[in-house]
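Spelled out from the first residue to the last, the chains are:
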Amino acid sequence: MPSPEEFSCTCDTGLGWVFGCSRTGAAHVRARRPCEDSYALWSGSAGAQPCIAFAIADGHGDPRHDQSRTGAALAVDAGIAELVAFHRSYADGSIPRQQFRAGFKTDFPRRATRHWRELVVQDAGGRTLPPAPASPATGQDQNFTRYGTTLITALVVHDSILVGQIGDGDLLLVMPDGSIDFPLPRDPVLAGNETHSLSSPDAHLLWRTATLDRGQGGIILAATDGISDSFNGAESEEFSIFIHSLVDRIRTYGTEAVAAAMGSWLDRFSAIASGDDMTLVWACINPEEQTPYKPRPKANAPVSAGQGW
């Protein structure tokens, strides 16, 4: 992942721009602990169909999860890899949109969870870990617990935005008219500081997913819980004011200027409020083109003069 002292960006000129920033929390700085958040951004194409993907993760951090910093880094790697693989599996344009979206809801949580666990097994077997903290888990489940983390993912394609989440954190969409939509409702089973985790035995069943129309575009924001905790929660008026202020600054000064200043803003929020690590990814999504979508021709289909992909 990028250093917590830096920001990074990626883009597809047809879809939009994505920026990310991660900072070590004030409490972690005082305790000389590293940042346990992670994020990853990706843009490219499959079958000449462009996509943008991003993922953020928040390692649990308490003593039972002593490898959660690595677990978060592995989670964003797994998330991006599976988002891209999912896009590639449907990129030839022969699959109807509803089937594409349904496939994300049914397949992606299972694939991402399995990929993360494979990476954890590989990492744990490739180096000597310190003795395991006390935990009711045993065997391989104990390793998964040690690496425990949340994960939020998003995939932007021609006409759709696909999002998924396990555990806490926030994902929202700011529409062009300024309205804020939370496509992934809160899990009613959880209370207080409880959170689901990729390390849970039934993790693939604990994901929340949503599929959205790209439509008129907008700004997607994903953040670890240290940010919304600094504003009395994601549904508070203070958090809404922060989001609208951020969007106004992006529109007034541009994404690069906001990205350059984001690190100092997050440092200040952490110092005066939650003290937690803070990671924010925001994607400025262009409106969907009004021209009809033309699927990629099959390999044996004739290509007319002037036609390409």
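All values derive from a computational prediction rather than experimental measurement. Throughout this document, residue positions are counted from 1 along each chain, in the order its sequence is written. Local features in this predicted model are restricted to residues whose pLDDT is 70 or higher, and side-chain atom pairs enter the listing and the counts only when it is 80 or higher, whereas totals over whole chains, interfaces and linings include all residues. For the side-chain quantities, the full set of heavy atoms in the structure was used; hydrogens and water were omitted.

Caption draft 1: Expanded view of the pattern of salt bridges. The salt bridge definition used is simple: a Lys or Arg side-chain nitrogen within 4 Å of an Asp or Glu carboxyl oxygen. For the structure on display, the rule yields nine salt bridges. Note that Arg111 and Glu82 form a salt bridge whose closest N and O atoms lie 3.1 Å from each other. One end of the pair, Arg111, is in helix H3 (residues 97-126); the other, Glu82, is in helix H2 (residues 68-90), and 29 residues separate them in sequence. Residues Arg111 and Glu82 agree in their burial class; the two are buried. With a shortest N-O distance of 2.6 Å, Arg101 and Asp213 are connected by a salt bridge. Of the two residues, Arg101 is situated in helix H3 and Asp213 in strand E9 (residues 208-213); the sequence distance between them amounts to 112 residues. Each residue's exposure class comes from its accessible area (1.4 Å probe, protein chains only) as a fraction of the maximum for that residue type: buried when under 20%, exposed when over 50%, partly exposed otherwise. By relative accessible area, which is 8% here, Arg101 ends up buried. Judged by its relative accessible area of 46%, Asp213 is partly exposed. Here a helix means four or more residues in a row that DSSP labels H or I, a strand means two or more in a row labelled E, and each is numbered from the N terminus.

Caption draft 2: Seen up close, the sheet that holds strand E3 (residues 37-46). Pairing between strands requires that DSSP locate at least two bridges from one strand to the other. Pairing is antiparallel across the open sheet formed by five strands, whose spatial order is E3-E4-E5-E6-E9. The open sheet terminates on both sides in strands that have one partner only, identified here as E3 and E9. Taken over all neighbouring pairs, the strand axes of this sheet differ in orientation by 10 degrees on average, direction set aside. Bridge count for strand E5 (residues 151-156) against strand E6 (residues 160-166) is six bridges, and the pairing is antiparallel. Among the inter-strand pairings, Thr153 is bridged to a residue of E6, identified as Gly164. Lines are fitted to the C-alpha atoms to define the axes, a helix being fitted only along its stretch in contact, and any angle between axes, read from their N-to-C directions, falls within 0 to 180 degrees.

Caption draft 3: Molecular detail of the nonpolar core. Joining through side-chain atoms within 4.5 Å is the link that ties buried Ala, Val, Leu, Ile, Met, Phe, Trp, Tyr and Cys residues into a set, and such a set is a nonpolar core. Among the nonpolar cores identified, the biggest contains 35 residues, and Trp116, Leu151 and Leu155 are the most heavily contacted of them. Counting only elements with at least two residues in this core, the list comes to strand E4 (49-58), H2, H3, E5 and E6. The element that contributes the greatest number of residues to this core is H2, accounting for ten residues. If near-sequence neighbours (up to four positions away) are discounted, Trp116 is found in contact with Gly71, Leu74, Ala75, Ala78, Phe144, Tyr147, Thr149, Leu198 and Ser199. Of all hydrophobic cores here, the second largest spans 25 residues; its members include Leu221, Phe242, Val258 and Trp282. In this description, contact between two residues means that some pair of their heavy atoms is separated by no more than 4.5 Å.

Caption draft 4: Quick peek at the environment of Thr149. Take Thr149: it is sitting in the loop between helix H4 (139-146) and E5. Since its relative accessible area comes to 0%, Thr149 is described here as buried. The spacing of Thr149 and Gly61 is 88 residues in sequence and 8.5 Å in space, taken between C-alpha atoms. Here Thr149 is in contact with Ala57, Asp58, Gly59, His60, Gly71, Ala72, Ala75, Trp116, Ser197 and Leu198, once residues within four sequence places are set aside. Within the local environment of Thr149, its side chain forms a polar contact with the backbone oxygen of Asp58, the two atoms lying 3.3 Å apart. In protein, a polar contact means a hydrogen-donor-capable atom and an acceptor-capable atom, both N or O and within 3.5 Å, with residues adjacent in sequence counting only if both atoms are side-chain atoms; elsewhere, any N or O pair within 3.5 Å suffices.

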